[in-house]
Amino acid sequence: MLAQVTHILGLTSIRRVRTLPVSGRVLVASRQKVNASDVIAEAQIPAQHVLVDVRRALRLGSVEQAQRVIVRNEGERIFAGDVIAETGGLFPRMVRAPADGQVVMIAGGRVIIEVQSQPIQIFAGVPGYVVEVIQERGAVIEGQGALIQGAWGNDRVAEGMMINLLNSPDEELTRQKMDVSLRGAVVVGGMCSDPEVLRMGEELPLRGLILSSMSASLAAVARSVSYPVMLTEGFGRIPMNEAAYTLISTNDKRDVALSTPFRPQAGERPELIIPLPAVGEPAADFAYFKPDQKVRILGAPYPSHVGVLVRLLPGLTTLPNGVRAQAAEVRLSKDTLVVVPLANLEVIQSV
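Residues numbered from 1 in each chain as written. Predicted model: local features only at pLDDT ≥ 70, side-chain atom pairs only at ≥ 80, totals over all residues. Heavy atoms only, no water.

Re unusual backbone geometry
With omega at -5 degrees, the peptide bond leading from Leu204 into Pro205 counts as cis. Among the secondary structure elements, Pro205 is positioned in the loop between α3 (195-203) and β17 (208-214). Even without being a glycine, Arg59 presents a positive backbone phi close to 55 degrees. By secondary structure assignment, the location of Arg59 is in the loop between α1 (54-58) and α2 (63-69). Using a relative accessible area of 74% as the deciding quantity, one classes Arg59 as exposed. For Asp155, which is not glycine, the phi dihedral falls at a positive 65 degrees. Mapped onto the elements of the fold, Asp155 is located in the loop between β14 (152-153) and β15 (157-164). Residue Asp155 is classed as partly exposed on the basis of its relative accessible area, which comes to 41%. (Helix = DSSP H or I, 4+ residues; strand = E, 2+ residues; numbered from the N terminus. Buried < 20%, exposed > 50% of the residue type's maximum accessible area, 1.4 Å probe, protein only.)

Points about the pattern of salt bridges
Scanning the model with the defined rule gives 16 salt bridges in all. Between Glu196 and Arg199 there is a salt bridge; the shortest N-O distance is 2.7 Å. Of this pair, Glu196 and Arg199 are both found in helix α3, three residues apart, which corresponds to roughly one turn of the helix. With a relative accessible area of 29%, Glu196 lands in the partly exposed category. The shortest N-O distance in the salt bridge between Asp252 and Lys253 comes to 3.3 Å. In this structure Asp252 comes out as partly exposed when scored by relative accessible area, which is 27%. In this structure Lys253 comes out as partly exposed when scored by relative accessible area, which is 49%. (Salt bridge = Lys/Arg side-chain N within 4 Å of Asp/Glu carboxyl O.)

Structural data, given as structure tokens:
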């Protein structure tokens, strides 16, 4: 069975395809040098129209009633959450705008909103060179360096000098460690459970933040900040894996690129790239499971735990929940051997 591979490599060739979801304008040329934060292609998503049926939403008996409760006018600019229609009485009912836009028509108890077109920009994500231009869509970028792939990111891109605050993989990033000396840096900070740490990063400001893990409740805050945030392990209180910790520690104070998309279905994941002048071999994104591989568990009851695959179990194994699936024995520690379905494992490739 094929497994997804997480790369933690001291030197590799990194090749990434960056494309727009719609036709647009490509801003780079073949063999051009790019930084990770450079925009390589851009496009406009055409305006869309949203129909809001006030009569149906408020369960009114006639079109005339619906027309009377609409509180907006044609041509009016509105924002998501604004009231479009409202009944009177002690307990009024309301219909709100689903998105930012402009009211273009009111008729028959219905409101048509034109949602503004949205610009799309595609970033290189990798410091390197354009090796292929994809007409009206984007480009293929190739670079060389150390690579650490993460488990979650907030979809931002930035570059800067990496400052490692960790003395051990299980340290926690607290407010007391956040000071002006970190301004403009990509900070490595371990575990985090305080939302104020992320907000302080915005105020300094940081260029990026790499955490081993954080509380799931901080995800919304992480998505709201303007700088990239990457988790190497995932949500919870999980120390950084030894391979990533060692690679980061030996590259402290180097310039890095941090790209944090998180779209597993599209094969996009957050990455820390440390550019190096040497040339490395490309690494495969998938591998077959086999004994002695380092693996990470993706599901309960051992989420994000790293261990060694001992053996693949023959046939189908009946799991505690009654499901029969392909599985393997994984050693988490000297005294802990667990059975995990292969669907809940990924291979960690490190050197």
